[in-house]
Amino acid sequence: MKSHRLLAWILCALLGACASQPKEPPRIMMQGFSISKPQEKEPTWIIAKQSPELTIIGKQGRFSGESFIMQATIIKLPAFGSIDELIRHVESTQRKEIDPKRYRVSRLEVKQQKIHAQSCALSRVEAAERTTTDGTGSPVNMMLETLTLICPHPKDPSLGMNMAYSHRHFPEDVDPQFSEDAATLMQTLAFEPL
């Protein structure tokens, strides 16, 4: 009888522990790709937009003016003969898209990143947003860190996923977990049948 009580107690403890674990969020299906929101004990990420071509999720940060945004977009890619061509294309495109009147870029690097054996391009941009306070106050620079993954679909390289994770914050509010959180999000990328 004691062994049954012990077994029942162990089962209750195990089931209780399983119940307290966060559930894996459902996959967000897009055209040829899928992603997942971060797994959390308490949900803080909000889906702002979701369609087969564009998904935007975000959350408020811990400090005033701080926000985290993940945007996944289906894009058309030109034909590339190598991963180096993709990397050059991503760097060139990002340099053209960053408005120098709005942002002062302190870092822009692009390197190869493997996602499920597929060669992709991962870029990191760090910039200061040029803004001013109301009235005669001194300028306030918001910082913007962005990690962007550009990944061609293995079955159709002209179809790609542009997955950008960004952190907007004041200079003193740098998130030491930013790169790890971005990597966790980007590893949720999966290739779906076309």
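First things first, this report covers the structure right here in the doc. All values derive from a computational prediction rather than experimental measurement.

## Overview of the pattern of salt bridges
Once the charged atoms of two side chains with opposite charge are near each other, the side chains can pair.
Thinking step 1. Under the defined criterion, the tally for this structure stands at eight salt bridges.
Thinking step 2. Residue Arg102 is joined to Glu129 by a salt bridge in which the shortest nitrogen-to-oxygen separation is 2.8 Å. In this pair, Arg102 sits in the loop between helix 2 (83–97) and strand 6 (103–115) while Glu129 sits in strand 7 (residues 118–132), placing the two residues 27 residues apart along the sequence.
Thinking step 3. Residue Arg102 is classed as partly exposed on the basis of its relative accessible area, which comes to 41%.
Thinking step 4. For Glu126, the salt bridge goes to Arg107, with nearest N and O atoms at 3.1 Å. Taken together, the positions of Glu126 in strand 7 and Arg107 in strand 6 put the pair 19 residues apart, joining distant regions of the chain.
Thinking step 5. With a relative accessible area of 30%, Arg107 lands in the partly exposed category.
Thinking step 6. If you follow the salt bridges from partner to partner, you end up with Arg107, Glu109, Arg124, Glu126 and Glu145 in one network.

## Examining the side chain of Gln94
Thinking step 1. Examined against the element boundaries, Gln94 turns out to sit in helix 2.
Thinking step 2. Residue Gln94 is classed as buried on the basis of its relative accessible area, which comes to 12%.
Thinking step 3. Those residues in contact with Gln94 that lie beyond four places of it in its chain are Leu108, Ser123, Val125 and Thr148.

## Notes on the side chain of Ser36
Thinking step 1. Within the secondary structure layout, Ser36 lies in strand 2 (residues 33–36).
Thinking step 2. With relative accessibility at 4%, the residue Ser36 sits in the buried group.
Thinking step 3. Beyond its immediate sequence surroundings of up to four residues, Ser36 is in contact with Pro25, Pro26, Arg27, Leu185 and Thr188.

How each quantity is defined
Residues numbered from 1 in each chain as written. Predicted model: local features only at pLDDT ≥ 70, side-chain atom pairs only at ≥ 80, totals over all residues. Heavy atoms only, no water. Salt bridge = Lys/Arg side-chain N within 4 Å of Asp/Glu carboxyl O. Helix = DSSP H or I, 4+ residues; strand = E, 2+ residues; numbered from the N terminus. Buried < 20%, exposed > 50% of the residue type's maximum accessible area, 1.4 Å probe, protein only. Contact = heavy atoms within 4.5 Å.

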